[in-house]
Amino acid sequence: MDKDGGLAGKPVGRRVVIGVSALGALGVAFGARIESALNGVLGAISAHDPTGITSLLPGGGGFQFYNVASFLPYRSDQDYRLTIDGLVDHPTTYTLAELAALPQTTLVRDVQCVTGWRVPNTEFGGVLLSELLDRAGVKPEGKALRFTCFDDVYSESLTLAEARRPDVMVAHQMDKVPVTRDHGGPVRLYVAPMYFYKSAKWLSGITVTDRVMPGYWEQNGYDVEAWVGRSNGRTDAPIDGE
Ligand SMILES: Nc1nc2c(c(=O)[nH]1)N[C@H]1C(S)=C(S)[C@@H](COP(=O)(O)O)O[C@H]1N2
Ligand SMILES: [Mo]
């Protein structure tokens, strides 16, 4: 098993193996889930499957919904807030309407989970992270970003240089409709060049820090630098500039 409890069928790095032992206790729970899937309740569990196992079964494919919290987070469009703070000149809290009123960008890329499933040509719409950083004004000591979520458990990180790339955004639309609750709505991060675990769902906070603070999965052995095809034991992809 790997991070998501799935059987990726791809080479994995040593750090991933460390992550698996850290998740040993969870493996027991996953075992029970697999058993129920095989007992014929696949439909019921697939919507909340953090394991990715269902993608390997007939009818699988497309997006898997992942959620490491023990509940399905919810914030209404009206109540949603995104805070940018830390090493910035202008700490700011945005409503969804305020985010939607900023310059908008769309990106069409392949979504790639580190466990192996992939969804080609997925469109994300929202605000470039660089736009939000420019507005907040990053102080000279600011070197990295820490992302937090209103599930109160997930976190992620990027270096400032990564965060300023033109293919990294705060997304409130996915395939031309609002990001659904299951996909991390109203607003999630989208880091197109990296494995999908970098794309924090239910995004609520962006804090500029003086160094990278490894996120949820990275504390369990996954690579902080999660370039698709060039991390987590893979070396197959060409370097496409960063
Ligand atoms: N808050 C939060 N964000 C998260 C996760 C999560 O469990 N919680 N899982 C990550 C992983 S491993 C993947 S593959 C994608 C899955 O996004 P999806 O559920 O929209 O398919 O979200 C990422 N972001
Ligand atoms: Mo993932």
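Being a predicted model, the structure only gives us computed values, none of them experimental.

(A) Up close: the overall build of the protein. Counting its regular elements, the protein contains 5 helices and 10 strands. Burial statistics for the protein: of 242 residues in total, 50% are counted as buried. For the protein, long-range pairs separated by at least 24 residues make up 64% of all intrachain contacts whose partners lie at least 6 apart in sequence. Working note: accessible area of the protein is about 11100 Å², and carbon and sulfur atoms make up 55% of it.

(B) Main features of the pairing of strand S4 (residues 118-128). Burial analysis of S4 places 8 of its 11 residues in the buried class, the great majority of the element. The loop that links strand S3 (residues 105-112) with its antiparallel partner S4 comprises 5 residues; one of these, Gly116, has a positive phi angle of about 120°. By the bridge criterion, 5 bridges tie S4 to strand S7 (residues 168-174) in an arrangement that is antiparallel. Residue pairing across strands places Gly126 opposite Ala171, the latter belonging to S7.

(C) A look at the site of ligand 1. Gln64, Asp151, His183, Arg188 and Lys201 are the nearest of the 22 residues found near ligand 1. Between ligand 1 and the protein, one listed contact pairs an oxygen atom with a backbone N or O atom of Tyr66 at 2.9 Å. His183 places a polar side-chain atom, nitrogen or oxygen, 2.6 Å from an oxygen atom of ligand 1. Coverage of ligand 1 by the protein chains reaches 100% of its 540 Å² of free accessible surface. Broken down by class, the residue content of the shell around ligand 1 amounts to 13 nonpolar, 4 polar and 5 charged.

Conventions and cut-offs
- Residues numbered from 1 in each chain as written.
- Chains lettered and ligands numbered in written order.
- Predicted model: local features only at pLDDT ≥ 70, side-chain atom pairs only at ≥ 80, totals over all residues.
- Heavy atoms only, no water.
- Helix = DSSP H or I, 4+ residues; strand = E, 2+ residues; numbered from the N terminus.
- Buried < 20%, exposed > 50% of the residue type's maximum accessible area, 1.4 Å probe, protein only.
- Contact = heavy atoms within 4.5 Å.
- Areas by Shrake-Rupley, 256 points an atom, 1.4 Å probe, with all protein chains shown as cover.
- Pairing = 2+ DSSP bridges.
- Near = heavy atom within 4 Å.
- Polar contact = N/O pair within 3.5 Å; in protein donor to acceptor, adjacent residues only side chain to side chain.
- Nonpolar A, V, L, I, M, F, W, Y, C, P; charged D, E, K, R; others polar.

By themselves, these are just geometric observations and shouldn't be taken as functional.
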